[in-house]
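A structural walkthrough
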Amino acid sequence: MTTTLRPTGPERTDDQGGRERAYAICVNGRAVGAVRVRADADGIGEIADLAVEEQGRGRGRGTTAVLAVEEILRGWGCPRVEGVVVGEEGDPTVARLLRWAQSLGYVPAARNMVKTLPATPPELPAGLSARPLTAAEFPAWRDSRNAGYAQMLLRHAGLSPEQAEARSGASHAQLLPQGLDTPDVSIQHLLAGDDVVGMLWVRTAESPERPAWVFDVEVMEGFRGHGYGRALMLLAERVTLVAGRDRLGLNVHAGNTPAERLYESLGYRTYRWAFAKPLS
């Protein structure tokens, strides 16, 4: 039997230069599944909405579809492809999909974690307090975050310096369109006495795709290794609960073992795994 991809609609493009096309996964001409192929303006490809009908699983149809998508993305000039696995941590099906992705050469890139918060906001450890970022401090903080995120994109997303800088700037402009006055945004210092020992950025708005979210948590150099990362996460939970939300999520990049261990010890569980593979 021959497995192929058949377009189910025209290719679509967006104003930023991204492109997308949907395909049926076919065996001898009969549709047995579907997949959506995307590429952003920087040429990073994505495999989305991959599904094979239940009775056809275990026959290599998903594998053939993924390899065919990779060829499409190579034809589009994409140097890298990304995909995700979504599900409950510990689910045998999720475990099987994670192993399958890695068998195809995909390596873990990041994971999204979430926690259902207790009803009572946690207290900060003795001697610690918090204060909001001021308007006078915001420009320097924004520039620092832009530079830090651009460096992260260089390390983890395979972008050029110019692409990373542009994407970082666009992302922060989208997330903070009104600066400190952006609704549902909390940016705070963590203080030990008079010393600023950490920074926290939380967005407390919820959407169907994402709960309240920790966008940035940072312990200042010279103060690391003293439990301030845990204190920042307790502060994030306080901010979220005060805003009337009871779930908090975050992203952690693969290889950041100390952060992964901290979040797990606080009760965060993975619900989305991101994988990536070079196409060159």
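Residues numbered from 1 in each chain as written. Predicted model: local features only at pLDDT ≥ 70, side-chain atom pairs only at ≥ 80, totals over all residues. Heavy atoms only, no water.

**Concerning the environment of Val66**
The condition that has to hold: Each helix is a run of DSSP H or I of at least 4 residues and each strand a run of E of at least 2, with the numbering of both proceeding from the N terminus. Whether two residues touch is decided by their heavy atoms; if any such pair falls within 4.5 Å, the residues are in contact.
Tracing the backbone shows Val66 in helix 1 (residues 61-75). Along the sequence, Val66 and Leu250 sit 184 residues apart, while their C-alpha atoms lie 28 Å from each other. Not counting residues up to four positions away in its chain, the partners in contact with Val66 are Ile47, Leu50, Trp100, Leu104 and Tyr106.

**Some thoughts on the packing of aromatic side chains**
Quick reminder of the rule: Any pair of Phe, Tyr and Trp rings, taking the six-membered ring for Trp, is counted once the centres come within 6.5 Å. Such a pair is stacked with planes under 30 degrees apart, edge-to-face with planes over 60 apart, and tilted for the rest. Only protein chains enter the accessibility calculation, which uses a 1.4 Å probe. A residue is then buried if its area is under 20% of the maximum for its type, exposed if over 50%, and partly exposed in between. Two limits define a charge over a ring: the Lys NZ or Arg CZ must be within 6 Å of the ring centre, and within 35 degrees of the ring normal.
Scanning the entire structure with this criterion turns up five aromatic pairs. Consider the rings of Tyr263 and Tyr268, whose centres lie 6.2 Å apart with planes at 65 degrees: the pair is edge-to-face. Looking at Tyr263, the relative accessible area reads 8%, which means it is buried. On the accessibility criterion, Tyr268 (3% relative accessible area) is buried. Site record: aromatic cluster; members linked through ring pairs are Phe138, Trp141, Trp201 and Phe215. Stacked on the ring of Trp213, the Lys or Arg Arg210 has its end atom at 4.3 Å from the ring centre.

**A few points about the nonpolar core**
When a protein is soluble and globular, its nonpolar side chains tend to lie buried together. Rule in force here: Note on terminology: a nonpolar core comprises buried Ala, Val, Leu, Ile, Met, Phe, Trp, Tyr and Cys residues joined through side-chain atoms within 4.5 Å.
Judged by nonpolar contacts, the single largest core of 28 residues is most densely connected at Val214, Met233, Leu248, Tyr263 and Tyr268. Elements that contribute at least two residues to this core include exactly strand 9 (185-192), strand 10 (195-203), strand 11 (212-219), helix 5 (228-242), strand 12 (247-253) and helix 6 (257-265). With nine residues, helix 5 is the largest single contributor of residues to this core. Those residues within four positions of Val214 in sequence are excluded, and the remaining contacts are Leu200, Trp201, Val202, Met233, Ala236, Leu248, Gly249 and Leu250.

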